[in-house]
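# Descriptive structure summary
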Amino acid sequence: MKQNNYPRDILGFTLENSIWRINIWIAGGIALTSMFGYTAITSLLFMLSFVVTFLLLVLFATRHTYITEENRFLLITLFCIAILSFVSVFRGKVSFDYIKKYIIYLTTLISFYLAVNLPPEKKSIRLLLNLNLVISTAYVIRFFFPGVYTPGGRLTFDFSNSNFVAMWLFVSALLLIYTFVTMKPRRSRFYVAVLLGFLCYFIYKTEARNIWIALGIAAFFILYKVFEKKYPYNKVSIVAMMLYPMLFALGYIFLFEAGILESNREMIEYGEKANDSRIEIWKYALAYFEAHPIIGGYSIIEGGRGSFQLHNTHLDTLASYGIINYLLFAYYHIKICLQANSKCTTLLTSFALAGFIGLIASGAAEASLYANGMGLYIFVASFLMMSNFRDNEEGV
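Attention here is on the structure that accompanies the text.

Here is what the cut-offs are and how they apply
Residues numbered from 1 in each chain as written. Predicted model: local features only at pLDDT ≥ 70, side-chain atom pairs only at ≥ 80, totals over all residues. Heavy atoms only, no water. Helix = DSSP H or I, 4+ residues; strand = E, 2+ residues; numbered from the N terminus. Buried < 20%, exposed > 50% of the residue type's maximum accessible area, 1.4 Å probe, protein only. Contact = heavy atoms within 4.5 Å. Areas by Shrake-Rupley, 256 points an atom, 1.4 Å probe, with all protein chains shown as cover. 1 Å grid on protein atoms, 1.4 Å probe; cavity = no way out; pocket = protein on both sides within 12 Å on 5 of 7 lines; lining within 4 Å. Points joined across faces, edges and corners; volume = space filled by probe spheres on them. Nonpolar A, V, L, I, M, F, W, Y, C, P; charged D, E, K, R; others polar. Core = buried A, V, L, I, M, F, W, Y, C linked by side-chain atoms within 4.5 Å. Expected span 1.5 Å × (residues − 1). Polar contact = N/O pair within 3.5 Å; in protein donor to acceptor, adjacent residues only side chain to side chain. Phe/Tyr/Trp six-rings, centres within 6.5 Å; stacked < 30°, edge-to-face > 60°. Lys NZ or Arg CZ within 6 Å of the ring centre and 35° of its normal.

## Let's talk about the overall build of the chain
- The helix and strand inventory of the chain stands at 19 helices and zero strands.
- In the chain, which comprises 396 residues, the share counted as buried stands at 57%.
- Partitioning the contacts of the chain with sequence separation of at least 6, the portion at a separation of at least 24 is 80%.
- Accessible surface, the chain as shown: approximately 16400 Å² in total, 68% of it carbon and sulfur.

Take a look at the structure:
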């Protein structure tokens, strides 16, 4: 696979990096306004993030003619995904709430393409890490005020649900670990460690089991490189992890139907969540896929309101947009991650990619990244960008 090492001084990605930093600010604003219940501002920032991301794609595609055959094919794949999902979506009654999921879906995929191909500047990485310190501190402050729990006792921080806030907390925790590794002052490291401890406790209080599994997957990939010290990751492992959410769901359904999970109920149940809490939703997704295999059931699922997610990124895509779109979706993620993997030449770049892999793995039981993850995709995509950060041997 050809590496895509752009000569920054010739092609000049300063403008694109500046616009990406605007997106980082927007994502941080979305996290903070969601946390403190300013939903109107959150929605406004989300719409702005879509406009900025689309503008960045147009600039990237028109200002730079140095695009490899592989990237050109990725752009074609992205275009086909947009058209096919458009057909699925616009069979129903159109409103902003109805198409919001579609907008988030496309914006997330566009963000991944941009992040893996945009050579990052050090100031972009610094902004991301420093803003995450502010957000993490805000979580701790917000925790000591009323209204952070659901009536059932799950931590939400005023986000839409506990699983969604767990995704945000997971992103912040990974960025804190990256900050801890690259930060030199010991006192600052102590503060980061304290914040990380709080965030791990908060994740525990959300009762989001899939986040702990995803964190374990990310930790495995990181530790593997710590001991192996060879780069990049094995391609087969990359392909397997990009398909993991689908493999996990199908395997889980099979084990449950076979009675294996039922016989070990006490061992795997967590908090108030039963071990079959996702089974019916996933069966529901598969039923819609069987009824509408080509173009999906976006316009009719949950009464055609558009504001739904089926708690698995792959099954959600399959049921919403159909089999062709899903295959392109899976292929796109594999190629994006393999491209990022080809640029991993240090432990820190491998760590960044491991973070992205863990975040994709968290989609095994939560589809908010592509369904209602307003702004979340910018932080997730930033892990792809950090995997292409050439100066990280010296820290940020």
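Alright, that's what it looks like, and here's the rest.
## Topic: empty space enclosed by the protein
- The tally for this structure, following the rule as stated, stands at one cavity of 30 Å³ or more.
- Taken as a whole, the largest cavity holds about 50 Å³ of empty space.
- Contributing to the lining of the largest cavity are Met-242, Pro-245, Thr-313, His-314, Phe-329, His-333, Leu-359, Ile-360, Gly-363, Leu-369 and Tyr-370.
- At the level of elements, α15 (313–321), α16 (323–342), α17 (347–361) and α18 (368–371) are the ones that each hand at least two residues to the lining of the largest cavity.
- The residue inventory of the lining of the largest cavity, partitioned by class, reads seven nonpolar, four polar and no charged.

## Considering the nonpolar core
- With 134 residues, the main nonpolar core has Phe-112, Tyr-139, Phe-157, Leu-353 and Phe-356 as its most contacted residues.
- Not counting residues up to four positions away in its chain, the partners in contact with Phe-356 are Phe-112, Met-242, Cys-337, Val-380, Phe-383 and Leu-384.

## Points about helix α11 (residues 244–257)
- Here α11 is 14 residues long and its end C-alpha atoms lie 20 Å apart, about the 20 Å a rise of 1.5 Å per residue gives.
- Where α11 ends, the next residue or the one after it, Gly-259, has phi of about 85 degrees, a positive value.

## Comments concerning the layout of surface pockets
- Empty space within the largest pocket amounts to approximately 420 Å³.
- Around the largest pocket sit 20 residues that line it, and Lys-100, Ser-160, Phe-164, Asn-372 and Met-374 are the ones nearest its centre.
- Among the secondary structure elements, those contributing two or more residues to the lining of the largest pocket are α2 (14–35), α3 (39–63), α5 (96–117) and α7 (162–182).

## Points about the environment of Glu-257
- With respect to the secondary-structure elements, Glu-257 resides in helix α11.
- Here the alpha-carbon distance between Glu-257 and Ile-279, two residues 22 residues apart in the chain, equals 9.6 Å.
- Side-chain polar atoms of Glu-257 contact the side chain of Lys-283, separated by 2.4 Å.

## What about the packing of aromatic side chains?
- Under the criterion given, the structure shown has 37 aromatic pairs.
- Summarising the aromatic geometry, the rings of Phe-50 and Phe-54 are spaced 6.4 Å apart at their centres and angled 25 degrees between planes, so their arrangement reads as stacked. One end of the pair is Phe-50 and the other is Phe-54, both in helix α3 and four residues apart, which spans about a single turn.
- Each ring, one from Phe-164 and one from Trp-168, has its centre 6.4 Å from the other, and the planes form 70 degrees; the classification is edge-to-face. Here Trp-168 and Phe-164 lie together in helix α7, a separation of four residues that amounts to about one turn.
- Judged by its relative accessible area of 6%, Phe-164 is buried.
- Among the aromatic residues, those joined into a cluster by ring pairs are Tyr-98, Tyr-105, Phe-112, Tyr-298, Tyr-321, Tyr-326, Phe-329, Phe-356 and Tyr-370.
- Note that Arg-189 overlies the ring of Phe-180, its terminal NZ or CZ placed 5.2 Å from the centroid.

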